[in-house]
Amino acid sequence: QVQLVESGGGLVQPGGSLSVACKASENIFNFNEMGWYRQAPGKERELVAGINVGGRTRFADTVKGRFTISRDNAKNTVYLQMNSLKPEDTAVYYCFVRILTRHTWGQGTQVTVSS
């Protein structure tokens, strides 16, 4: 099965920026979509961003205009650039790959936005 390794995350002040990466163990064209969900304590899991095999992207309304998602096919890696961070962005961010309706998850990385 595919392995996903996340890196990045950390503590940033409101208005700051952070980048997280997700490296897959196989060709990312094998997947219909890659991206991130996030989950804060006591909150529903939320799709943050995704990029499909054709390069189409989608974002949660709460992050549109602030986050970008990109990929490096040669490195089997997807990146999430998070700008203008807000305290409500604080969550564990889980990388995913999707094949049809089946998801595989990374280990998660903590993003904390606080002054």
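Procedures and definitions
Residues numbered from 1 in each chain as written. Predicted model: local features only at pLDDT ≥ 70, side-chain atom pairs only at ≥ 80, totals over all residues. Heavy atoms only, no water. Helix = DSSP H or I, 4+ residues; strand = E, 2+ residues; numbered from the N terminus. Rg over C-alpha atoms; globule rule 2.2 N^0.38 Å. Contact = heavy atoms within 4.5 Å. Areas by Shrake-Rupley, 256 points an atom, 1.4 Å probe, with all protein chains shown as cover. Lys, Arg positive; Asp, Glu negative; His and termini not counted. Charge placed at Lys NZ, Arg CZ, Asp CG, Glu CD. Phe/Tyr/Trp six-rings, centres within 6.5 Å; stacked < 30°, edge-to-face > 60°. Buried < 20%, exposed > 50% of the residue type's maximum accessible area, 1.4 Å probe, protein only. Lys NZ or Arg CZ within 6 Å of the ring centre and 35° of its normal.

Visitor: Explain the overall build of the protein chain here, please?
Guide: A tally of helices and strands in the protein chain yields 0 helices and 11 strands. A compact globule built from 115 residues would reach a C-alpha radius of gyration of about 13 Å, and the protein chain, at 13 Å, matches this within 12%. A principal-axis box enclosing the C-alpha atoms of the protein chain has dimensions of 40 × 25 × 25 Å. Long-range contacts, defined as pairs at least 24 residues apart, comprise 52% of the intrachain contacts of the protein chain with a sequence gap of at least 6. When the accessible area of the protein chain is evaluated, it comes to approximately 6,200 Å², of which 48% is carbon and sulfur surface. For the protein chain, the distance from the average position of its 13 positive side-chain charges to the average position of its 9 negative side-chain charges is 3 Å.

Visitor: What is the right way to look at the packing of aromatic side chains in this model?
Guide: For any pair of aromatic rings, the description consists of the separation of the ring centres together with the inter-plane angle of the planes. A full pass over the atoms with the stated rule returns 3 aromatic pairs. An angle of 70° between the planes, with centres 5.3 Å apart, marks the rings of Y37 and W105 as edge-to-face. Placement of Y37 in strand β4 (residues 33-39) and of W105 in strand β10 (residues 102-105) is noted, with a sequence separation of 68 residues between them. Residue classification places Y37 among the buried residues on the basis of a relative accessible area of 12%. Measuring from centroid to centroid gives 6.1 Å for F96 and W105, while their planes differ by 55°, and the two rings are tilted. The class of W105 is partly exposed, set by a relative accessible area of 32%. One aromatic cluster is present, built from ring pairs that chain together Y37, F96 and W105. Cation over ring: R45 sits above Y37, and NZ or CZ is 4.5 Å from the ring centre.

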